[in-house]
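# Secondary and tertiary structure notes
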Amino acid sequence: MCSKVILPSSIVEVFETLLSSAAIIVDEEAGNPSWQSRADFYITCILSCLPWGGAELIEQVPDEFERVMVGVQSYLSIRRHSQDIGFTVFDSDEDKFLEEKDFVEDLWDRIQVLSNNGWKTDSVSRPHLSFEAQLVTGKSHSLSPISCPELPEPSTLLTAFSRGREKHQVQLKYPQRLRRLNIFSSEKAENMQPIDRFIVEEYLLDVLHFFNGCRKECASYMVGLPVPFRYEYLMAETIFSQILLLPQPPFKPIYYTLVIIDLCKALPGAFPAVVAGAVRALFDRIADLDMECRTRLILWFSHHLSNFQCIWPWEEWAYVKDLPKWAPQRVFVQEVLEREVRLSYWDKIKQSIENAPALEQLLPPRGGPNFKYIIEDSQEGMEGHTLSKELNSMIRARKTAREITLWVEENIIPLHGFNVALEVVVQTFLDIGSKSFTHLITVLERYGQVIAKLCTDQDKQILLLEEVSSYWKNNTQMTAIAIDRMMGYRLISNLSIVRWVLSPSNINQFHTSDRPWEILRNSLNKTYNRVTDLRKEIQSLKKSVLLAEEATVKAMKEYEAAESKLDVVDDQPVQSEKPGRLKRLKGYVEKAKDDETSIQESLEAKEALLARALEENKALFFSLYKSFKDVLMERLPPVSADGKLPKLRTANVDSVTIDSEPSTMDVDHDDGKTDNSQSNGERVFHSYTTGEQEQWCLCTLGYVKAFSRQYASEIWPHIDTLDSEVFAGDVHPLFRNAAYAVSHFVLSKKKEKNIKSVSGEIRVYVLMQVVIPV
């Protein structure tokens, strides 16, 4: 439009079409407010255009443009305030959270400021102005009319769950592109106007989207945006907001990791310091960080450090050693070091923290196996050692799985019992497979049936998990890999893993280690991916069935047409086609029918597998929530007599100032010069005053919310049954709130009052301003 290719009136017509549809969607009587995400998407499309074309619209079609602005304002007066507690990066006080403006409201405020400034902004390039004389003589065109999708009929069952299910489906189709993460103080954006932040965010998100397969080009364009101010801090906030975006980022986290690495290399004097500042800011608020976001931050930070020789001023965080073992900052440092060891090796990571020797206590063990039969220090150990040695010899002699199974059943179980038999088999197999990942896979492929024959039910599989955990107690990574592979070979069920993770042997680690949560996450992910893959395969097969049916019909028509061709010879009709061609066409028909039947059978088989997988899914989530309920009900503090929920978080008021060596940081200025800025050598930190039981509850509830959010699509079909069988009765409200966090309709008191007081006149006004002109 700015280049005179499209008429301004045509753009306004598009805006009005979107506005009319949005106004109808949020109307309580004529629309379906559960689909507000679609309406917000339409309004965001309109507002997002205005920084680039608002000045031309107000100049060329002022009346029509003013009508659009009034329509947007009217829409905002009747829509519901949209803030999903379940998708916030930081767990904060609910009253404060409800007062914050959502993305659409915030964008509208920025557009209002831009309008008051005469639609002038320096962050939008306007190359068309240089060619205005030539462009004016060109011919402008009208856009074809657009039509918005029809609004589905509202659910006949107007329950909270039906509305929540519908809202979830809409949010999947119209996700919010950005949830701002305000890491730095507003002083870092002192040269920006309010709209500049939105414009730069749009630039950055577009570059990340269009160059997602070319990280170097992506970083190159990100550092060269056409804006007249520095934006490194905003760039860091935008990238971290995508890494921590809930329920999931648009791209795999590894993409953002590589982009940050390339940006640090492209801006060596500025961006590494900004990234370090972001890490410090997030570290200071780690106690309030969502559990899933905390895991993502650990994975990103450890990977990032491994690409920069594991260099970090660990002395700044040395004080965490003196914090309680459940303090989130201490656990964060501990998990980052553990992940770094996975990406490097133990001695290298120990060397990297030599300036903070106190942190050596947080390093993981060296990671070697814990083989029970390596020492013959007792009669029991001698017996196990002998049996393990004999089993090892059988494996080296290439005995079959059936022969080993018979040997276990005849020589170990009758004399020593099942537990000893399982211990000998698992310890020996794992010891043979401990040399490498390939050795482990080979052992499980050849002799997995021995374990399957022994562990036929959940109780025995839990004993199997205990043995795996015992053997690899010094190596979290190998524990997770071994259990994941055993689940892949169906030696262990996902139900057994849920029961084991949430058993007394593991629950005491929930707030001090990521070890049990990693195993549980892997189990749920594998189950979810299995269902997702089956659905994709079924969709592909359905398309193949349609193509096969078309091929069959086409072959039949060709055969029938050839067969119907007749010639008259001696007054008698005879086939005009050669017998060889008819035979060949008939063969094509038979082959097409066979192919169609084969694909149809494959489709039916996949649908049967999907039905079975969905039943397993249902049982898995029922078991998961029941187990969470059991462990949480024992530990959550009771609700007060007046119904007030207990507060698990306490203010960390004890602050300590420590002296540290002044750090020097290179910072680039706008004029290209570089100077060295020094810190004052003091760092203030807060001791962690939340009790151990409260922290355990916070971590466990955090993971309940994370799992509910991540697997919401699989949980919603069973939510009514879950509510009646798991969440009914005397379930603790904190547990219920965590599980249902993603389905909350959050309304501020002010907005709720506005919605209830909307009169028929406002609705008629909106429709007159928007629908009638269109």
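Named according to an unreviewed UniProt entry, the protein is Nuclear cap-binding protein subunit 1-like isoform X3 originating from Phoenix dactylifera.

Moving on, we get to the overall build of the protein. Secondary structure assignment for the protein yields 31 helices and 6 strands. Taken across its 774 residues, the protein has 48% of its residues classed as buried. Within the protein, contacts between residues separated by at least 24 positions form 76% of all contacts whose residues are at least 6 apart in sequence. Carbon and sulfur atoms make up 52% of the accessible area of the protein, which totals about 38,900 Å².

Quick look at the UniProt feature "coiled-coil region" (unreviewed entry) in the protein now. When the UniProt feature table is mapped onto this chain, "coiled-coil region" (unreviewed entry) is found at residues 524-551. Within the segment residues 524-551, helix and strand shares are 100% and 0% respectively, and the terminal C-alpha atoms sit 41 Å apart.

We now examine the packing of aromatic side chains. A full pass over the atoms with the stated rule returns 35 aromatic pairs. Here Trp 312 and Trp 317 contribute two aromatic rings whose centre-to-centre distance is 5.3 Å and whose plane-to-plane angle is 50 degrees, an arrangement assigned as tilted. The buried category is assigned to Trp 312, whose relative accessible area is 11%. Residues Tyr 471 and Trp 472 carry aromatic rings whose centres are separated by 5.1 Å and whose planes lie at 85 degrees to one another, so their mutual orientation is edge-to-face. Across the pair, exposure class does not vary: Tyr 471 and Trp 472 are buried alike.

This part takes up the packing of helix α2 (residues 36-60) against helix α8 (residues 194-210). Here α2 crosses α8 at 105 degrees, and the two axes come no closer than 11 Å. By the criterion of interaxial angle, the relationship of α2 to α8 is roughly perpendicular. Contacts between α2 and α8 involve Ser 48, Pro 51 and Trp 52 from the former and Ile 195, Phe 198, Ile 199, Glu 202 and Tyr 203 from the latter. Its residues placed into classes, the contact of α2 with α8 shows 6 nonpolar, 1 polar and 1 charged.

Remark: helix α25 (residues 579-635) packs on helix α26 (residues 692-710), axes separated minimally by 11 Å, with the N-to-C direction vectors making an angle of 160 degrees. The angle between the axes of α25 and α26 places the two elements in the roughly antiparallel class. Handedness of the crossing formed by α25 with α26: left-handed. In contact with Tyr 625, Phe 628, Val 631, Leu 632 and Arg 635 of α25, α26 contributes Gln 693, Trp 696, Cys 697, Thr 700, Leu 701, Val 704, Phe 707 and Ser 708.

Time to look at α8. With 17 residues, α8 should cover 24 Å at 1.5 Å per step; its first-to-last C-alpha distance of 25 Å lies within 8% of that length. Across the 17 residues that make up α8, a large majority, 13, are buried.

Let's shift gears to the nonpolar core. Grouped together as the largest cluster of nonpolar side chains are 116 residues, with contacts concentrated most on Phe 240 and Trp 314. Core analysis: the second largest hydrophobic core is formed by 87 residues, Met 291, Ile 492, Leu 722 and Phe 735 among them.

The rules behind these values
- Residues numbered from 1 in each chain as written.
- Predicted model: local features only at pLDDT ≥ 70, side-chain atom pairs only at ≥ 80, totals over all residues.
- Heavy atoms only, no water.
- Helix = DSSP H or I, 4+ residues; strand = E, 2+ residues; numbered from the N terminus.
- Buried < 20%, exposed > 50% of the residue type's maximum accessible area, 1.4 Å probe, protein only.
- Contact = heavy atoms within 4.5 Å.
- Areas by Shrake-Rupley, 256 points an atom, 1.4 Å probe, with all protein chains shown as cover.
- UniProt positions renumbered as here; feature names shortened; annotations may be inferred.
- Phe/Tyr/Trp six-rings, centres within 6.5 Å; stacked < 30°, edge-to-face > 60°.
- Axes fitted to C-alpha atoms, helices over the stretch in contact; angles between N-to-C directions.
- Parallel < 35°, antiparallel > 145°, perpendicular 65-115°, else oblique.
- Nonpolar A, V, L, I, M, F, W, Y, C, P; charged D, E, K, R; others polar.
- Left-handed = near helix turned anticlockwise from the far one by under 90°.
- Expected span 1.5 Å × (residues − 1).
- Core = buried A, V, L, I, M, F, W, Y, C linked by side-chain atoms within 4.5 Å.

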